[in-house]
Amino acid sequence: MNSEKETFQSKNYIWKSILYRFSQFVGFLIGARFFVALLLTFALYVSTFFLFNQDETFRKFVFDFKVHGIIFCTVVTILAGGIINQFYDLEKDHIVKPFRTRIQSFIKQKYFLYAYLVLSAISLGVAWTISHKVFAFFVVYQFFMWFYSHKLSRLLMINNLTFVSLTLYPFFGMMVYYETFSRKVMLMAIFLFLILLCIDIVKDMLTKSVDKAFGYTTIPNYFKSRNTQIIIISLLMITMAVSMKLIAKTGISGFMAYYFTGGLFVMILCIYLLLSSSRRNKFFTLNILRFWVFIGIIAMLLNGIENKL
């Protein structure tokens, strides 16, 4: 009887141990924003091959290890940035994202910091082996990721502009690497910048009171709600103007033409939702804009495949 009880306790201990380790692993992935990094990796590969890379064949691109190295450094840097950001935002996240914070609690914060240092060192080490210019590029990227989390995320307007700029920084790097400067690419970059800026401001609207309590000076808790709505609606209208410019003046065609045309209706829907002060409508607006960014990546992939074939 005692033997059966000991066996049961042993199995129960093993199961709890496995579950705890799994929770730690999931907590690390969430803390490092792994799924965001995964999406950005996909977006980088799609935009690099189908937008910035105008001349290389698919075979040459596959064996261009310098490009893969740069994308690898970018992903590792994003993971490190996610870790340091959650370290500084931990108290705020306890209220805004309780489930995620609970999962992350399975790992001590000091291990997150160790992971941040290791990931940063790996990224810079690989960048150094590629070239000194790439190394300098990632030193700047890592510095501003840390500085954003440490200081800039609490400053009015600078927080939104820095966050969006850091999101687009790797894409800018790829554009410089391939020297792909054109009117179409610049307008697409402006379009994406404006949508990401809208997403960040709407997100701040949903966390307005918490941001104010923890000393984050955001647009929604500095201006009145009405003024914040006007700012976002103005940005969406400018985004619509950029979309129309892309369609009419750059000769854009295929899936991307459908994407930017459909985007006009998406922007109108978001403006309609924002005219209401309902929290639910703000949440819908946030997720519609996020989804539309993802649709843009898919549209670029399909458009690129269509053109290559």
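Definitions and limits used
- Residues numbered from 1 in each chain as written.
- Predicted model: local features only at pLDDT ≥ 70, side-chain atom pairs only at ≥ 80, totals over all residues.
- Heavy atoms only, no water.
- Helix = DSSP H or I, 4+ residues; strand = E, 2+ residues; numbered from the N terminus.
- Buried < 20%, exposed > 50% of the residue type's maximum accessible area, 1.4 Å probe, protein only.
- Contact = heavy atoms within 4.5 Å.
- Areas by Shrake-Rupley, 256 points an atom, 1.4 Å probe, with all protein chains shown as cover.
- Axes fitted to C-alpha atoms, helices over the stretch in contact; angles between N-to-C directions.
- Parallel < 35°, antiparallel > 145°, perpendicular 65-115°, else oblique.
- Left-handed = near helix turned anticlockwise from the far one by under 90°.
- Nonpolar A, V, L, I, M, F, W, Y, C, P; charged D, E, K, R; others polar.
- Phe/Tyr/Trp six-rings, centres within 6.5 Å; stacked < 30°, edge-to-face > 60°.
- Lys NZ or Arg CZ within 6 Å of the ring centre and 35° of its normal.
- Patch = residues over 30% accessible without salt bridge, like charges linked within 9 Å, V, L, I, M, F, W, Y side chains within 5 Å.
- Salt bridge = Lys/Arg side-chain N within 4 Å of Asp/Glu carboxyl O.
- pLDDT = per-residue confidence, 0-100.

## Notes on the overall build of the protein chain
Each helix and strand counted, the protein chain has 15 helices and zero strands in total. When each of the 309 residues of the protein chain is scored for burial, the buried share is 47%. Put simply, of all contacts in the protein chain between residues at least 6 apart along the chain, 77% involve residues at least 24 apart. With the model as given, the accessible surface of the protein chain reaches about 17200 Å², and the carbon-plus-sulfur share is 69%.

## Description of the packing of helix α10 (residues 183-206) against helix α13 (residues 225-249)
Interaxial distance between α10 and α13 falls to 9 Å at its minimum, and their mutual angle equals 160°. Classified by the angle between their axes, α10 and α13 sit roughly antiparallel to one another. Handedness of the crossing formed by α10 with α13: left-handed. Of the residues that constitute the contact of α10 with α13, the class distribution is 18 nonpolar, four polar and four charged.

## Examining unusual backbone geometry
One non-glycine residue, Met-157, lies in positive phi territory at about 65°. Relative to the assigned elements, Met-157 resides in the loop between α8 (132-150) and α9 (158-178).

## Quick look at the packing of aromatic side chains
This model, assessed by the stated rule, comprises 15 aromatic pairs. When the centroid spacing of 5.0 Å and the interplanar angle of 85° are considered together, the rings of Trp-128 and Phe-135 count as edge-to-face. Each member of the aromatic cluster is reached from another via a ring pair, and the members are Phe-137, Phe-138, Tyr-141 and Tyr-169. If you follow Arg-154 out to its NZ or CZ, it ends over the ring of Tyr-216, 4.3 Å from the centre. Stacked on the ring of Phe-163, the Lys or Arg Lys-203 has its end atom at 5.8 Å from the ring centre.

## Structural notes on the environment of Ile-130
Relative to the assigned elements, Ile-130 resides in helix α7 (residues 109-130). Here the alpha-carbon distance between Ile-130 and Val-67, two residues 63 residues apart in the chain, equals 9.3 Å. Residues contacting Ile-130, with those up to four places away along its chain left out, are Lys-66, Gly-69, Ile-70 and Cys-73.

## Some details on a nonpolar patch on the surface
On the surface, Leu-39, Phe-42, Phe-291 and Phe-294 cluster together into a nonpolar patch covering about 350 Å² of accessible area. Listed by contribution, the elements that provide at least two residues to the nonpolar patch are α2 (34-52) and α15 (279-308). Mapped onto the fold, Leu-39 is located in helix α2.

## Some remarks on the packing of helix α4 (residues 65-88) against α7
Contact geometry of α4 with α7 gives a least axis separation of 9 Å together with a crossing angle of 160°. In terms of their interaxial angle, α4 and α7 are classed as roughly antiparallel. In the packing of α4 onto α7, the handedness of the crossing is left-handed. A per-class count over the contact of α4 with α7 returns 18 nonpolar, six polar and one charged.

## Thoughts on the side chain of Thr-228
Relative to the elements of secondary structure, Thr-228 occurs in helix α13. Setting aside residues up to four positions removed in sequence, Thr-228 forms contacts with Ile-201, Met-205, Ile-219, Pro-220 and Phe-223.

## Details of the confidence of the model for the protein chain
Mean pLDDT over the protein chain works out to 81, with 82% of the residues at or above the 70 mark. Confidence, expressed as mean pLDDT per element, reaches its minimum in the protein chain at helix α1 (residues 2-31) with 55 and its maximum at α8 with 91.

## Section: the side chain of Ser-153
By secondary structure assignment, the location of Ser-153 is in the loop between α8 and α9. Apart from residues no more than four positions distant in its own chain, Ser-153 is found in contact with Tyr-148, Asn-159 and Tyr-216.

## Points about the environment of Pro-220
Mapped onto the elements of the fold, Pro-220 is located in helix α12 (residues 219-222). The class of Pro-220 is buried, set by a relative accessible area of 3%. Expressed as a C-alpha distance, the spacing of Pro-220 and Ile-231, which sit 11 residues apart in the sequence, is 9.9 Å. Contacts of Pro-220, omitting those with residues within four sequence positions, involve Ile-201, Asp-204, Met-205, Lys-208 and Thr-228.

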